[in-house]
Amino acid sequence: MGISIWQLLIVLGIVILLFGTKKLRNIGGDLGGAIRGFKKSMSEDDKDTNPDSLEEDAKSPDSPATAKEKPRDKSHS
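Thoughts on the confidence of the model for the chain
- Averaged over the chain, the pLDDT score is 77; the fraction of residues at 70 or greater is 62%.
- At the low end of the mean pLDDT range in the chain sits helix H3 (residues 51–59), at 54; at the high end sits helix H1 (residues 5–19), at 92.

As structure tokens, this is what we get:
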């Protein structure tokens, strides 16, 4: 008594008729971007809690602690 493939196809057809393919494509892209951002923040969280990665970050030349700051343009103040 599960959901058959025909029932899923009917529901998919109704959703496409209601929202249109362009709107569904935009929703899919937004959802993918949100998932990507979530995964990125989770991996950054793991780096912050792992002490070995902190030592490697301090040794890298792109580390914020060793990077030189760029002078700020004060004309926009």
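Description of a nonpolar patch on the surface
- A contiguous nonpolar surface patch, about 760 Å² in accessible area, is contributed by Ile3, Ile5, Trp6, Leu8, Leu9, Leu12 and Ile16.
- Inspection of the secondary structure puts Ile16 in helix H1.
- Judged by its relative accessible area of 34%, Ile16 is partly exposed.

Considering a negative patch on the surface
- A contiguous patch of negative charge on the surface is contributed by Glu44, Asp45, Asp46 and Asp48.
- By secondary structure assignment, the location of Asp45 is in helix H2 (residues 21–49).

Calculation rules
Residues numbered from 1 in each chain as written. Predicted model: local features only at pLDDT ≥ 70, side-chain atom pairs only at ≥ 80, totals over all residues. Heavy atoms only, no water. pLDDT = per-residue confidence, 0-100. Helix = DSSP H or I, 4+ residues; strand = E, 2+ residues; numbered from the N terminus. Patch = residues over 30% accessible without salt bridge, like charges linked within 9 Å, V, L, I, M, F, W, Y side chains within 5 Å. Areas by Shrake-Rupley, 256 points an atom, 1.4 Å probe, with all protein chains shown as cover. Salt bridge = Lys/Arg side-chain N within 4 Å of Asp/Glu carboxyl O. Buried < 20%, exposed > 50% of the residue type's maximum accessible area, 1.4 Å probe, protein only. Lys, Arg positive; Asp, Glu negative; His and termini not counted. Charge placed at Lys NZ, Arg CZ, Asp CG, Glu CD.

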